[in-house]
Each structure stands twice: as C-alpha cells, then as structure tokens.
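Close look at the chain arrangement
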Amino acid sequence: MPAGAVVLGLAAIAAQTLPPSAALATAPVQQSERPARVAPAPPVDAFVEPSGATVELFASLSDGNELKQLLERTGADAKDSARASELVDDAVPAGIPEGTEVAVLLGQKTGSARRLERVSFKPSLAFKVTIGRIRTGDFKLARDGVNVDTRPRRFKGAAGSDLFWSLRASGVPAEAANEFLEAMSSRINVRQVAPDDRFDLVIDHVRAETGENRGGPLLYAALDRRNANDLTFVRWTVGGHTGLFDPTMPAQRTDGFARPVQAKVSSSFGHRLHPILRFARFHQGVDFGARWGTPVAAAADGIVRGADWAGGYGRQVRLVHSSGVLTSYSHLSSFAVAPGTYVRRGQVIGYVGSSGLSTGPHLHFEVRKDGQPVDPLSFSFARAPLGSAELAVLRARAEQLRGV
Ligand SMILES: [Zn+2]
C-alpha cells in the first residue's frame, strides 16, 4: 500500500477509537466556536469525500478490456485498481458490457500514479455501481437500482420510397432496422418493396425511469405486402443458434437434399488415399469436381452457423438444420451468406474454389447427424429446420409478439 494511504488509514482508525469528545478536543478552536459547521461523523461504511485535489476522468470500456486495465490507464494506483476490480467481479458477475462509460475520480499522487477515490458506471439501465472509499481507507461497492420498463416496443408503418428511412423515421433504432432489412433480403429484393406495403416489427426494449432507453434485438419482423405473400420472422433459438425464423415455413418434409452443386461426384464417402497427405484415411464427405466459381447451394433450409476459414477445409460454410443435422461446404473461393442468416434449400451460399488443403477446384460436402459424419448421398431429412412441435411453439410466440 502506498505511504499516503497508510497514514490516512491510521488516522481513520484513530478517529474511530477515540470518544467523540476527544475528537472534538483536537479540533481547531474556531470550529468549536461555531459547532453548526461541524458535520456529524458519517456512518462507518459511508463513502468519504477525498481530501485535497482530485481529477475526474471518463473512459469507456473497450472490447476484451478489463476494468483493472482501464483504471490503470487513467493513472490510478495499480493496487487500488486491482481491489476495485475485485469488488466489481463479485457484484457484476455477468461483466461490464463493452462501451460502458466509467467515471473515475483520482486523488493525491502516490509515486507515479494517483490514489483511486471513486469509480462509477452503469452496467445496465437498471442499476448503477459506485465503488468508493470508506473511513477505513478500504473500498466499498454500492449498487443503486432504478425502475425499468422492459416491455418490448412495436413499430408499424408504410414502407414508403425507402424502407430503411421509413423504419428510422418511425423510431426504429438503426441496428434493428438493419436486422429487419437483412431478414427480408433473405427472401425478396428489398428495393422492390411497394411503397404501400407495411412493416410491423417488435424489438426488445428497456426504458429506465431516468428517461434513458436502450433498444435491443429484433424479436418479430413482418412485411405485409399488398400484391405478394406476407413475410414473417420470429427470433428463436434452434440447436444453440439464435436467429430469425419463419413461422409459416412447412414442417417436416422428407424430400432429401438439393444437390449442392451442379457437378459430378469425384470422390465418394468412405476410405480412400488422401491425395495430398498420402495415407489412407476416412473421407468424411463427398467431393464434387466442379469448376472454380460454380455457385454452391444450400442442401436444405437452415441457419448459417459459420462462414469462415476452417484450417484444411479452407473457406467453409456450415448450416444447421432440424434434428441435429449439420451440413458443411468446403474449399470455397468466396461466401454468399453471413453467419446468422436463414437460408432456403437451393439458395446460393458460396462459390467453388480450392482454398485450404486442396489439389484443385472442387466442393467437399459433409453431413453430420448428432456430430457423426454420414454419407450425404444416402441421406434424406426434414426440409424445414424445425419440427412440427417446434413450429407450433414458434407460431405461438409470433402471436404473442403481435399482441405487444
Ligand atoms: Zn473431400
């Protein structure tokens, strides 16, 4: 502990152990003549005001950064920073969200750093956290709750000449407006939405009594179209993946896979000699000898779980379907979908390439059922990513959100 803090700590202990009269006796004469100016001693665990000059700073918590580092960066003493962070870890186990603004009050210098006096921030709209010094010199954490209204908010209106700006003009936060357009783009060209088509969406929303509010993700997104079929999406979690699902999609159809690429099978499922690694190994999928740039289609309706580089597989798209089925499309030259998107059977998800461990352009297509590779050519499964029971629950959720 820095020398200054030790002195203050001892002074605080001395003040506590002395009877009040003794404390008064040590006070300057002019103060005892005007007793009204002597404030009553605060409770032991109340925050104490720092003595001497202070510096107030504001910093925002960036991604992957911890409060301790943030405090040290502002110039706070390392031990003080560690102690304050410890208290926060216990009180806010979920962590402080990225971008949270932290107010830091620094006191007198202790070597190259400054004594940490107070830290405050709001990890959510519902409460504020303050860490400050008490009379013993140690830190105490206080949590102040605020009443919040967490009812989701619904927005409706005409699409107008520009759907995005119509959404924004009706009060939809930019992020939710983008999410809405992305969902609709998976089915239609959003530039061709008629001006009198109507949008209807529900977003997660938190409003504090202090007037602050924060818009969360899109829960429900619908487009009521005059001259075409309506589109509806509901936020839902399937197989650990959260995305926007269509409650009107058909349930359990067993018409098998769509062919992911228009090309011949060049290597089938099973044991073979690996063309590069030169040893016999189990080929966990099938290869299609397609030309570079040939479009690759989703074998079935699903959600994009990944579209990224996957080691020897190169650029890979992974889709999650119903009943624990996953498909993957490897060695792609480029992607046509982003993670989290809902894709339909036959929709283009990428293009054939030779990325990763590959001897030339081809598509390596794999199917896994409950984590185990199965022969894609012998596989047939439900077309929709949800079973009928799951769909019933999803439809009920859509009804519930339409009642907001
Ligand atoms: Zn292969």
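Our subject is the structure listed above.
Here we summarise the structure given alongside this text. (Residues numbered from 1 in each chain as written. Predicted model: local features only at pLDDT ≥ 70, side-chain atom pairs only at ≥ 80, totals over all residues. Heavy atoms only, no water.)

1. Some thoughts on unusual backbone geometry
Residues other than glycine seldom take positive phi values, yet His331 does so here, at roughly 65°. By secondary structure assignment, the location of His331 is in strand 19 (residues 325-335). Of note in this structure, Asp370 is not a glycine but carries a positive phi near 50°. On the secondary structure map, Asp370 appears in the loop between strand 22 (363-369) and strand 23 (372-374). For Asp370, a relative accessible area of 58% gives the class exposed. (Helix = DSSP H or I, 4+ residues; strand = E, 2+ residues; numbered from the N terminus. Buried < 20%, exposed > 50% of the residue type's maximum accessible area, 1.4 Å probe, protein only.)

2. Some thoughts on the coordination of the zinc ion
For the zinc ion, every protein donor is listed as His283 (NE2), Asp287 (OD) and His364 (ND1), and the spread of their distances is 2.0 to 2.2 Å. All donor residues of the zinc ion come from one chain, and their arrangement in sequence is H-x3-D-x76-H. Of the two residues, His283 is situated in strand 14 (residues 280-283) and His364 in strand 22; the sequence distance between them amounts to 81 residues. His283 sits in the buried class, given a relative accessible area of 4%. (Donors = N, O, S within 2.8 Å, 3.2 Å for Na, K, Ca; no water.)

3. Quick notes on helix 7 (residues 174-185)
With 12 residues, helix 7 extends 16 Å between its outermost C-alpha atoms, agreeing within 8% with the 16 Å of an ideal straight helix rising 1.5 Å per residue. Restricting attention to buried positions, one finds in helix 7 the residues Ala176, Ala177, Phe180, Leu181, Ala183 and Met184. Seen from one end, helix 7 has its buried residues packed into an arc of 160°, which puts them on one side. In helix 7, those exposed residues whose orientation departs by more than 90 degrees from the buried face are Glu175 and Glu182. (Expected span 1.5 Å × (residues − 1). Arc of directions from axis to C-beta.)

4. Concerning the sheet that holds strand 1 (residues 55-60)
Taken in spatial order, the 5 strands of this open sheet run 1-2-3-4-5, and their pairing is antiparallel. Among the strands making up the open sheet, the edge pair consists of strand 1 and strand 5 (139-145). The sheet shows a mean angle of 20° between the axes of neighbouring strands, direction not considered. When strand 1 meets strand 2 (residues 101-110), the two strands line up antiparallel, connected through 6 bridges. Looking across to strand 2, one finds that Val55 is bridged to Leu106. Its contacts with the sheet place helix 5 (residues 78-91) against strand 3 (113-124), strand 4 (127-133) and strand 5, and it is angled at close to 40° to strand 5. (Pairing = 2+ DSSP bridges. Axes fitted to C-alpha atoms, helices over the stretch in contact; angles between N-to-C directions. Contact = heavy atoms within 4.5 Å.)

5. Observations regarding the side chain of Thr100
Following the sequence through the fold, Thr100 ends up in the loop between helix 5 and strand 2. Here Thr100 falls in the buried class, since its relative accessible area comes to 8%. A polar atom in the side chain of Thr100 sits 2.6 Å from the backbone oxygen of Pro97. (Polar contact = N/O pair within 3.5 Å; in protein donor to acceptor, adjacent residues only side chain to side chain.)

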